[in-house]
Amino acid sequence: MNLKGDDLDYLCKAAIESARKAGDLISRFTNKKMVVHNKPSGTSLASQVVTEVDLLCQELIIESLRSTIEKYDLGLLTEESLDDKSRFEKDFFWCIDPIDGTLAFIKGK
């Protein structure tokens, strides 16, 4: 697949819109108590923690980008889900890290 300028503009706008939606969701949880889980993978505490906000944001972002995934046959790599390896089978993919810095977020930073 070859993405042209209009396609990239469309994908960029979709990414910005989904990031804004996720930001709105995240701001509703800032400085509030939240459920924190530990993932079995990762080599540091920062790579092992996941919050309910991470999971909710990831779900929101994927749903927001769903039409682009289908329209452009995009793969998906997400931090909070098992890797389905679709990024190796597709020409392009979305890489989603719902909250970059979850450990700092948990600490209110």
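Keep in mind that what you see is a predicted model, and the values were worked out from it rather than measured.

*Asks:* Which parts of the structure should I look at to understand the environment of E89?
*Replies:* Locating E89 in the fold gives a position in the loop between β3 (75-78) and β4 (93-96). Sequence separation between E89 and L74 is 15 residues, and the spatial gap between their C-alpha atoms is 9.2 Å.

*Asks:* How do you make sense of the state of the cysteines when you look at a structure like this?
*Replies:* Such a bond, covalent and formed between the sulfur atoms of two cysteines, is termed a disulfide. Inspection of every chain in the model, using the stated rule, returns 0 disulfides. Here C57 is not cross-linked by a disulfide; its sulfur's nearest cysteine counterpart is in C95, at 15 Å.

*Asks:* It is not clear to me how the nonpolar core should be interpreted in this structure. Could you clarify?
*Replies:* Proteins that are soluble and globular tend to have nonpolar side chains buried together. Formed by 21 residues in total, the largest nonpolar core has its most connected members in V53, L65, W94, I96 and F105. Counting residues per element, the ones that place at least two in this core are α1 (5-29), α3 (52-72) and β4. Top contributing element to this core by residue count: α3, with 7 residues. Aside from chain neighbours lying at most four places away, what touches W94 is L11, A15, L65, T68, I69, L74, G75, L76 and L77.

*Asks:* Which parts of the structure should I look at to understand the pattern of salt bridges?
*Replies:* Pairing of side chains with opposite charge becomes possible as their charged atoms draw close. Under the definition given, this model contains 7 salt bridges. Its salt-bridge partner being E17, residue K21 comes within 3.2 Å of it at the nearest N-O pair. Separated by 4 residues within a single helix, K21 and E17 lie in helix α1, roughly one turn from each other. When its relative accessible area of 43% is taken as the criterion, E17 is described as partly exposed. We note a salt bridge from D83 to K85, for which the minimum N-O separation is 3.7 Å. Each of K39, E79 and E80 takes part in one network of salt bridges that share partners.

*Asks:* Whenever I open this one, unusual backbone geometry confuses me. Can you help?
*Replies:* Leaving glycine out, the prevailing phi sign among residues is negative, and the prevailing peptide bond configuration is trans. For D73, which is not glycine, the phi torsion reads 50 degrees and is therefore positive. Structurally, D73 can be placed in the loop between α3 and β3. D73 gets classed as partly exposed once you look at its relative accessible area, which sits at 44%. One non-glycine residue, K85, lies in positive phi territory at about 65 degrees. Considering the arrangement of structural elements, one finds K85 in the loop between β3 and β4. By relative accessible area, which is 44% here, K85 ends up partly exposed.

Cut-offs applied
Residues numbered from 1 in each chain as written. Predicted model: local features only at pLDDT ≥ 70, side-chain atom pairs only at ≥ 80, totals over all residues. Heavy atoms only, no water. Helix = DSSP H or I, 4+ residues; strand = E, 2+ residues; numbered from the N terminus. Disulfide = S-S within 2.5 Å. Core = buried A, V, L, I, M, F, W, Y, C linked by side-chain atoms within 4.5 Å. Buried < 20%, exposed > 50% of the residue type's maximum accessible area, 1.4 Å probe, protein only. Contact = heavy atoms within 4.5 Å. Salt bridge = Lys/Arg side-chain N within 4 Å of Asp/Glu carboxyl O.

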